Amino acid sequence: MGLEDARELAHLPPHERARIVFEAESSARREPLLRSLRVLTWIAGVGAAAAWAAFPFLAHADARAALFLPVGLTFLGAAAAVVRAFHGIKVRRLHLRDVLLLEDLRPAACFACGRSLRQVDAARCPGCGAQLLRRSQAP
Ligand SMILES: [Zn+2]
């Protein structure tokens, strides 16, 4: 399920949804932890590929010691990719919420508690009190 299918955006026309998702994803990509995890995934991936390629040459000396590096790098790369994927979902949703807030667009559902906001026109979620609009003077 992509960000565009998020139920918080269900009330917006498709082109508007696509634009907001694009903005949220662009700013999420700049988030430091996601950036670091992306770099780590690449370094570990390239390192693992190189270490696996060198393995036949290193294995002559001590096969078990020679396995340590490629196996370690493979696990490191895989772990970084998994953490990045899960953290990415969270970060992209936070950025999505921020883009809506910044543009003063009320989500169709509350990002915090999931309550449907179709009938609501307050600036805060009646369920959990989360801020929905920038303008604080709204009822
Ligand atoms: Zn709520």
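The preceding data block contains the structure.
Let us look at the structure shown here. The model shown is predicted, which means the values in this text are computed figures rather than measured ones.

**Description of the overall build of the protein**
Right, so step 1: Across its full length, the protein carries three helices and zero strands.
Right, so step 2: The helix and strand sequence of the protein, counted from the amino end, reads α-α-α.
Right, so step 3: A globule of 139 residues ought to have a C-alpha radius of gyration of about 14 Å, yet the protein, at 22 Å, is considerably larger.
Right, so step 4: Principal-axis analysis of the C-alpha atoms places the extent of the protein at approximately 75 × 30 × 25 Å.
Right, so step 5: Burial status across the protein gives 20% buried among its 139 residues.
Right, so step 6: Once local pairs closer than 6 in sequence are excluded, the contacts in the protein between residues at least 24 apart make up 51%.

**Overview of the nonpolar core**
Nonpolar side chains in soluble globular proteins tend to end up buried together.
Right, so step 1: Leu3, Ala6, Leu9, Ile20, Val21, Ala24, Ala28, Leu96, Val99 and Leu100 together form the largest nonpolar core, which totals ten residues.
Right, so step 2: Contributions of two or more residues to this core are made by helix H1 (14-29) and helix H3 (63-102).
Right, so step 3: Considering every element that reaches this core, the biggest residue donor is H1, with four residues.
Right, so step 4: Residues contacting Leu3, with those up to four places away along its chain left out, are Val21, Ala24, Glu25, Arg92 and Leu96.
Right, so step 5: Counting residues in each nonpolar core, the second largest holds six residues, with Ala44, Ala48, Ala51 and Ala80 among its members.

Rules used throughout
Residues numbered from 1 in each chain as written. Predicted model: local features only at pLDDT ≥ 70, side-chain atom pairs only at ≥ 80, totals over all residues. Helix = DSSP H or I, 4+ residues; strand = E, 2+ residues; numbered from the N terminus. Rg over C-alpha atoms; globule rule 2.2 N^0.38 Å. Buried ≥ 20, exposed ≤ 12 C-beta atoms within 10 Å, placed from the backbone. Contact = placed C-beta atoms within 7 Å. Core = buried A, V, L, I, M, F, W, Y, C linked by C-beta atoms within 7 Å.

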